[in-house]
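# Results of the structural survey
Chain by chain, the residues:
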Amino acid sequence: MSSAQIEIILVAVVVAASCSLIGTFLVLRKMALMSDAISHAVLLGIVVMFFFVRSTASVPMVLAATATGVLTVYLVELLVGTRLVKEDAAIGLVFPALFSIGVILISRHAANIHLDIDVVLLGELAFVPFDRLTIAGLDLGPKSLWLGLSVGIINLIFVLLFYKELKLATFDPSLAAALGFSPTLIHYALMTLVSVTAVSSFEVVGSVLVVGLMIAPPASAYLLTDRLPVMLGLGVLIAAGSAGLGYATAYLFDSSISGSMATVAGLILAVTVLVAPERGLISRWLRRRRQRIRFAAETLIVHLVNHADALEVAGKHPVGQLKKQLKWREPFTQEVLHFAGQQKWLVERNGRLHLTSAGSSVAARVTER
Amino acid sequence: MTDNGLALEIRDLTVAYQEKPVLWDIDLQVPKGVLMAIVGPNGAGKSTLIKAALGLVPAAAGQVLIHSRPYLQQRGLVGYVPQRGSVDWDFPTNALDVVLMGLYRQIGWIRRPRRREREMAMESLNTVGMADYADRQISQLSGGQQQRVFLARALVQDAQIYFMDEPFAGVDATTERAIIAVLRQLRDAGKTLIVVHHDLHTVSEYFDWLTLLNVRCIANGPIDDTFTSDNLRQTYGGRVAFITEDGELPDDRSRTDSKLIAA
């Protein structure tokens, strides 16, 4: 691997991890859409500041973009406050307005400025190694890496220091307010960092796909754990993994790096939705199925206890008889009988089914509830 | 300002959402050491009254005093149990952690809970009979268990006055008994409890003080003086069917075991 490639991967991993860290709280606050709004609206700040500083990875640029991001949040809340529109509609109204002003500004001055709309929208990691930070003639590596690292560290410090406050204000804002931890203050602090993070991710994934890194990894982590610290850590790992794997995929298929990273993050989420141990679709389906069989077996036992003659008849050819008595289909009946046998509620002796004492007590318990 | 012995005093409180008054000119005096129900129909402003008292919604006019001082100076005296439905129970945390949140004000900004706080939270969970569920992810608790966790979180605040928004809503009978036992214990320890309640059947059994609310304050005082058919009719606008054991109206406190059904 060339040093340029290593630099690109480093930037991607750092930015992805930083996105996921802050995105975790967006997911928990059900504010995924806000990250989309912010990452688009910051374009306006970037364009305006670009007229002055002529570079994307710079401190004034980040400040201007962050200000626009916070402005977005403020405008959204202003609109929601009028009670004329709901939050999702307010978000949908505010960010296209700010974003379109940015787009018009770029197109009006496209001849004069070196700010490609594709780069803003989709990012261009391949350019990262060319814009380098040099101090006193010393090459310190790509500017984006330093920007990404600084933002990542700020995010990390913020989450570590205010972990308790973030958790409280996210879980129960009214208790936070009652205890004197202003949820509004915490909300704006968080949104400021979302804006900063969105800007620092621009060169890596662009404004459209940054949402992929902010939301998909924490959403996957959310499905995998019941503990917030684990969710934070796992989200960061998944994000970093998506960045690395995404780069490899892009290299292999000679495709867009940002697109590949977001795709990998999305695929990981899709797989998690399917196979997550507790909350995944498959395990939920299995659980429901197990409950259905168990309930059916309990129903069967109650039926057999209530109708002593039914056991008499069903004892010999249980499947066929139960089909008649309970209107159950054959494969289902077999599964239920198998389950009841496993639980030792029914035993087969001399080719006949018998209710065990365990089975009788199940019936007693079931009919009691 | 001198202490007038009142746990909660509300003077001329009006709360409005967009010029639509939700609470109109409320005057309320609650002495220390009572177990008070706030009762009224839907949209009467019961929750809003609590939220206004805690400064969670702004007052258009008027004043709320807790132990003779404004709330902002008395935060340490106040415990709050919001409605169970007001939070997301799928949040990735466990019961003990939720109870610990009640101690965050004492712990302060940035600092983390320590062993002492953990022990306090455990003790509080134990009081509401939930010690065995400390490590349980909160989404795996039943509605009643979740409500008890909320109660434990308020207990751990060791407040002087508690505001509880519908603690009995949608809980099982075991939980209801557990909660009322804890509330009585607190009252007997001299605390004041202000509870939004929706079940007229149990008002006179559970509470010793009552505020009847329907945007305006209809009545406020000891249960025996306030829980009358007259007041209830005023509060519910005649939409109450009064049924007693022997089919009579509970005229002004001649009976205490009257059963009432809000229609």
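Residues numbered from 1 in each chain as written. Chains lettered and ligands numbered in written order. Predicted model: local features only at pLDDT ≥ 70, side-chain atom pairs only at ≥ 80, totals over all residues. Heavy atoms only, no water.

### Quick look at the overall build of chain A
What counts here: Only runs of H or I of at least four residues qualify as helices and only runs of E of at least two qualify as strands under DSSP, and these elements are numbered from the N terminus. As defined in this context, the radius of gyration uses C-alpha atoms, and a globule is described by 2.2 Å times the residue total to the power 0.38. Throughout, a residue-residue contact means that at least one pair of heavy atoms, one from each residue, lies within 4.5 Å. What sets the accessible areas is the Shrake-Rupley method with a 1.4 Å probe; for residues, cover comes only from the shown protein chains. Positive charges come from Lys and Arg, negative ones from Asp and Glu, while His and the chain ends are left out of the count. Think of each charge as sitting on NZ of Lys, CZ of Arg, CG of Asp or CD of Glu.
Across its full length, chain A carries 16 helices and four strands. For 369 residues, the compact-globule formula gives about 21 Å, and the C-alpha radius of gyration of chain A, at 29 Å, lies well above that figure. Dimensions of chain A along its principal axes, counting C-alpha atoms only, are 95 × 55 × 35 Å. Looking at chain A alone, contacts between residues at least 24 apart form 66% of all its contacts between residues at least 6 apart. Surface exposure of chain A reaches about 17,500 Å², of which carbon and sulfur atoms provide 67%. Within chain A, the 23 negative side-chain charges are centred at a point lying 12 Å from the centre of the 29 positive side-chain charges.

### Focus on the sheet that holds strand S4 (residues 61-66) of chain B
Residues and elements named next belong to chain B. Worth spelling out the cut-off: Each pair of strands is called paired provided DSSP finds at least two bridges between the two strands. Angles here are taken between N-to-C directions and fall from 0 to 180 degrees, while the axes themselves are lines fitted to C-alpha atoms, restricted in helices to the stretch in contact.
Strand order in the open sheet formed by four strands is S2-S1-S4-S5, and the pairing between neighbours is antiparallel. Each of the sheet's edge strands pairs with one partner strand only, and the pair in question is strand S2 (20-31) and strand S5 (69-70). In terms of strand pairing, strand S1 (residues 6-17) meets S2 through eight bridges, oriented antiparallel. Looking at S2, one finds that Ile10 is bridged to Leu28. In the packing of helix H1 (residues 46-53) onto the sheet, contacts are made with S1, S2 and S4, and the angle to S1 comes to roughly 115°.

### Here we look at the interface of chain B and chain A
Note the following rule: What counts as buried area is the accessible surface, traced by a 1.4 Å probe, that two parts surrender upon association, with contributions from both included. Salt bridges are identified by distance alone: a Lys or Arg side-chain nitrogen within 4 Å of an Asp or Glu carboxyl oxygen. Under this definition, polar contacts are N or O atom pairs within 3.5 Å; protein pairs additionally need one hydrogen-donor-capable and one acceptor-capable atom, and for neighbouring residues in sequence, both atoms have to be side-chain atoms. Charged residues are taken to be Asp, Glu, Lys and Arg, nonpolar residues to be Ala, Val, Leu, Ile, Met, Phe, Trp, Tyr, Cys and Pro, and polar residues to be all remaining types, Gly included.
Each partner contributes residues to the interface: chain B has 32 residues there, and chain A has 31 residues. When the buried surface of chain B facing chain A is broken down by residue, Phe91, Pro92 and Trp109 of chain B rank first, second and third, together holding 25% of it. Arg153 of chain B is the partner of Asp172 of chain A in a salt bridge, and the nearest nitrogen-oxygen pair spans 2.7 Å. For the pair chain B and chain A, the interface holds 12 residue pairs in polar contact (both at pLDDT 80 or more). Listing elements by their share of the side of chain B that touches chain A, those giving two or more residues are helix H2 (95-101), helix H3 (104-107) and helix H5 (143-155) of chain B. Of the residues belonging to the side of chain B that touches chain A, the class tally is 17 nonpolar, seven polar and eight charged.

### A word on the side chain of Arg187 of chain B
Residue and element names in this part refer to chain B. Put simply, the test is: Burial classes: relative accessible area under 20% of the type maximum marks a residue as buried, over 50% as exposed, and values in between as partly exposed (1.4 Å probe, protein chains only).
Mapped onto the fold, Arg187 is located in helix H6 (residues 173-188). A relative accessible area of 18% places Arg187 in the buried class. The residues contacting Arg187, other than those within four sequence positions of it, are Gly33, Val34, Leu35, Leu193 and Asp208.

### Some details on the domain arrangement of chain A
Residues and elements named next belong to chain A. Cut-off, in case you're wondering: Note that the domain bounds reflect an automated or database-derived domain assignment.
For chain A, the assigned domains are domain 1 (3-279) and domain 2 (282-367). Using C-alpha coordinates to define each centre, domain 1 is positioned 55 Å away from domain 2. Residue-level contacts link six residues of domain 1 with four residues of domain 2. Counting each side, the surface lost to burial between domain 1 and domain 2 is near 350 Å², with a carbon and sulfur contribution of 35%. For the domain 1 face of the interface with domain 2, the top three residues by lost area are Leu274, Glu278 and Arg279, together amounting to 73%.

### Topic: the pairing of strand S2 (residues 138-142) of chain A
Residues and elements named next belong to chain A. Examined bridge by bridge, strand S1 (residues 132-135) and S2 share three bridges and lie antiparallel to one another. The partner of Arg132 across the bridge, within S2, is Pro142. Connecting S1 to the antiparallel partner S2 that follows it, the hairpin turn spans two residues, and Ala136 within it adopts a positive phi of roughly 55°.

### Some thoughts on the confidence of the model for chain A
The following threshold applies: pLDDT: the predictor's confidence for each residue, scored from 0 to 100.
This prediction gives chain A a mean pLDDT of 87; 93% of its residues lie at or above 70. Within chain A, helix H7 (residues 163-171) of chain A carries the highest mean pLDDT (96), whereas helix H13 (residues 308-314) of chain A carries the lowest (66).

### Considerations on the pattern of salt bridges
A complete count under the given rule lists 17 salt bridges over all chains for this structure. Put simply, Arg287 of chain A and Glu278 of chain A hold a salt bridge, and the shortest N to O gap is 3.9 Å. For Arg287 of chain A, a relative accessible area of 30% puts it in the partly exposed group. Across the salt bridge formed by Glu9 of chain B and Arg11 of chain B, the nearest N and O atoms sit 3.3 Å from each other. For Arg11 of chain B, a relative accessible area of 33% puts it in the partly exposed group.

### Some words on the packing of helix H6 (residues 143-161) of chain A against H7 of chain A
All names here are of chain A. Condition: Orientation labels follow simple angle bins: below 35 degrees gives roughly parallel, above 145 gives roughly antiparallel, 65 to 115 gives roughly perpendicular, and whatever is left gives oblique.
Direction vectors running N to C along H6 and H7 enclose 75°, while the axes themselves pass 4 Å from each other. As judged from the angle between their axes, H6 and H7 are roughly perpendicular. Here Phe158, Val159, Leu160 and Leu161 of H6 lie close against H7, whose contacting residues are Tyr163, Glu165 and Leu166. Of the residues that constitute the contact of H6 with H7, the class distribution is six nonpolar, no polar and one charged.

### Notes on a nonpolar patch on the surface
Here is the rule: Each patch is built from salt-bridge-free residues with over 30% relative accessible area, joining like charges within 9 Å and nonpolar side chains (Val, Leu, Ile, Met, Phe, Trp, Tyr) within 5 Å.
Side chains of Ile135, Leu138, Leu140, Trp146, Leu149, Ile153, Ile157, Leu161 and Leu185 of chain A together with Trp109 and Ile110 of chain B sit close together on the surface and give an oily, nonpolar patch of about 980 Å² of accessible area. Counting residues per element, the nonpolar patch draws most heavily on H6 of chain A, which supplies five residues. Along the polypeptide, Ile135 of chain A turns up in strand S1.

### Some words on the packing of helix H12 (residues 281-306) of chain A against helix H16 (residues 357-368) of chain A
Axes are the key here: two packed helices are described by the angle between their axes and the distance separating the axes. Residues and elements named next belong to chain A. At a minimum axis distance of 9 Å, the contact between H12 and H16 shows a crossing angle of 100°. In terms of orientation, H12 lies roughly perpendicular with respect to H16. Residues Glu298, Ile301, Val302 and Val305 of H12 form the contact with H16, whose participating residues are Gly359, Val362, Ala363, Arg365, Val366 and Thr367. Counted by class, the contact of H12 with H16 contains six nonpolar, two polar and two charged residues.

### Section: the pairing of strand S10 (residues 216-222) of chain B
Residues and elements named next belong to chain B. Note that strand S9 (residues 209-214) and S10 share six bridges and pair antiparallel. Residue pairing in the sheet places Leu210 in a bridge with Gly221 of S10. Following S9, the chain reverses through one residue before pairing antiparallel with S10; Val215 in that reversal takes a positive phi of roughly 65°.

### As for H6 of chain A
Along an α-helix, residues three or four positions apart point the same way, because every turn accommodates 3.6 residues. Residues and elements named next belong to chain A. Our working rule: In a helix, the anticipated span is given by 1.5 Å times the number of residues less one. The directions considered for the arc are those from the helix axis to the C-beta atoms.
Between its first and last C-alpha, H6 extends 27 Å over 19 residues, near the 27 Å set by a 1.5 Å rise per residue. All of the buried residues in H6 are Ser144, Leu145, Leu147, Gly148, Val151, Gly152, Asn155, Phe158 and Val159. Along the axis of H6, the buried residues cluster in a sector spanning 165°; they form a single face.

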